[in-house]
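As a plain string of letters, each chain reads:
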Amino acid sequence: MHLTITPPDDMHLHLRDGRAMADVVAHTARTFARAVIMPNLQPPVTTAAAACAYRQRIIDALPEGSNFEPLMTLYLTDLTSPDEIVEAAADDTIVGVKLYPAGATTNSDAGVTDLDLVIPTLETMSEHCLPLLVHGEVTDPAVDIFDRERVFIDRVLAPLVERVPDLRVVFEHITTADAVAWVLQAPPRIVATITPHHLLLDRNAIFSGGLDPHHYCLPVLKRNRHREALLWAATSGNPRFFLGTDSAPHPRHAKECAHGCAGIFSAHAALELYAEAFEDADALHLLEGFASHHGADFYGRPRNGGAITLVREEWTAPATYAFGDAVVVPLRAGGTIRWRVAKEEDVGTLER
Ligand code: DOR
Ligand code: ZN
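The rules we used
Residues numbered from 1 in each chain as written. Chains lettered and ligands numbered in written order. Predicted model: local features only at pLDDT ≥ 70, side-chain atom pairs only at ≥ 80, totals over all residues. Heavy atoms only, no water. Helix = DSSP H or I, 4+ residues; strand = E, 2+ residues; numbered from the N terminus. Expected span 1.5 Å × (residues − 1). Bend = angle between axes of the 7 residues up to and from the residue. Buried < 20%, exposed > 50% of the residue type's maximum accessible area, 1.4 Å probe, protein only. Contact = heavy atoms within 4.5 Å. Pairing = 2+ DSSP bridges. Near = heavy atom within 4 Å. Polar contact = N/O pair within 3.5 Å; in protein donor to acceptor, adjacent residues only side chain to side chain. Areas by Shrake-Rupley, 256 points an atom, 1.4 Å probe, with all protein chains shown as cover. Nonpolar A, V, L, I, M, F, W, Y, C, P; charged D, E, K, R; others polar. Phe/Tyr/Trp six-rings, centres within 6.5 Å; stacked < 30°, edge-to-face > 60°. Lys NZ or Arg CZ within 6 Å of the ring centre and 35° of its normal. Donors = N, O, S within 2.8 Å, 3.2 Å for Na, K, Ca; no water.

## Regarding helix α5 (residues 148–163)
Its 16 residues place the ends of α5 21 Å apart at the C-alpha level, agreeing with the 22 Å of an ideal helix rising 1.5 Å per residue. Helix geometry: α5 is bent most strongly at D154, by close to 40°. Along α5, the residues that are buried comprise E149, V151, F152, I153, L157, L160 and V161. Packed against the buried residues of α5 are α4 (119–127), β6 (132–134), β7 (169–171), α6 (177–185) and β8 (190–194).

Here it is as structure tokens:
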């Protein structure tokens, strides 16, 4: 069995920087034509000039012959000015601005402390059609970690959407039935991305076989009923939901330790893992829309040309991959993955 689709785009990806970046970008470029690159470097990518320089470093790190296109984002801070937005909006390589509530996740310390401070900036984004990409969790320590996304909708996102009319918003890596329901009732300018790990795993995965740091990410995995709601949304055919892996590599030693980092690396097999989830939902025919059409359409980019073929053939994911001076442990490390991307030379030999 095989499935041929338009080459997909990963609308939410962490590539990091330096030598480690060169190791991980090749995984994404193997399968995806484009990716929206997160700006939470140290220091964060807060200006159009910094995004442009980062983009060039990514292109320089690509394997030879790759046409992979990085779509850049700016990191919103309390100090991001409307002028900076005007400059970013004029740059065709910049597709959005990322909101990290300060302290919500990895490298978010420079994020926004109070949305009131950036309303003129958000209004300028709205005027220039530059989307806001949202990490949707409150940072209030009094709110239970499993409720932070739901509370964010009520306290922050819903009021924001009212306050800045026409602002286009990507609710990133949604994890709850509440988020699915909220997106469905919101205006069409509101869309959401969904990761492969939130489609395939529930919160039991963090604790099965002993505490597993490689299943720790933010927003944290939720109950199975939420996973089912996400799978329903992803396979609904609704263009408001699309692919964003949130593949977020950390060196093994930064995961397998006390106070380990949040982030799941899935770029080695992202499309293949989504195919598993869609197959389980009997919805393989809807994978192409989710992976290759809806995101491009939202961002106003042409759909990719060409084709990519997935084959229903099991393989074993390695225990680790190179990651600069260290290694990264991928999702499903040492385990079986049910699909693989066909090599170009093999495609002609597949039965129809
Ligand atoms: O798990 C996560 N890892 N969630 C995020 O929001 C950030 C990411 C990272 O950069 O490691
Ligand atoms: Zn992310």
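After that view, the rundown keeps rolling.
## Structural notes on the pairing of strand β10 (residues 308–311)
Side chains I308 and L310 project from β10 onto one buried face, and the interleaved T309 and V311 project onto a second face that is buried too. Bridge count for strand β1 (residues 2–5) against β10 is 4 bridges, and the pairing is antiparallel. Across the sheet, the residue bridging to T4 is T309, located in β10. Inspection of the sheet shows β10 paired to strand β15 (residues 340–341) by 2 bridges, in the antiparallel sense. Note on β15: the bridge partner recorded for V311 is R340.

## A few points about the site of ligand 1
Around ligand 1 sit 13 residues, and of these R16, N40, T105, L218 and H250 come closest. Between an oxygen atom of ligand 1 and a side-chain N or O atom of H14, the distance comes to 3.3 Å. R16 places a side-chain nitrogen or oxygen 2.8 Å from an oxygen atom of ligand 1. Within the complex, 99% of the 290 Å² of free accessible area of ligand 1 lies under protein. A per-class count over the shell around ligand 1 returns 4 nonpolar, 7 polar and 2 charged.

## Some points on the packing of aromatic side chains
The description of an aromatic ring pair rests on the distance of the ring centres and on the angle between the ring planes. Applying the stated criterion to the full structure yields 8 aromatic pairs. With 6.0 Å between their ring centres and 35° between their planes, F242 and F298 make a pair best called tilted. With a gap of 56 residues between them, F242 in strand β9 (residues 241–243) and F298 in helix α11 (residues 287–298) connect regions that are remote in the sequence. With a relative accessible area of 10%, F298 lands in the buried category. The ring of F298 carries the charged tip of R168 above its face, separated from the ring centre by 4.1 Å.

## Focus on the coordination of the zinc ion (ligand 2)
Coordination of the zinc ion (ligand 2) by the protein comes from H12 (NE2), H14 (NE2) and D246 (OD), over a distance range of 2.0 to 2.1 Å. If you list the donors of the zinc ion (ligand 2) from N- to C-terminus, the spacing comes out as H-x1-H-x231-D. One end of the pair, H14, is in the loop between β2 (9–13) and α1 (18–31); the other, D246, is in the loop between β9 and α9 (252–255), with 232 residues separating them in the sequence. Neither residue differs from the other here; H14 and D246 are each classed as buried.

## Looking at the environment of T80
The topology assignment puts T80 in the loop between β4 (69–75) and α3 (82–89). Placed 34 residues apart in sequence, T80 and T46 show a C-alpha to C-alpha distance of 7.4 Å. In this structure T80 touches Y75, I85 and T121, once residues within four positions along its chain are discounted. At 2.9 Å, the side chain of T80 and the backbone nitrogen of T77 are in polar contact.

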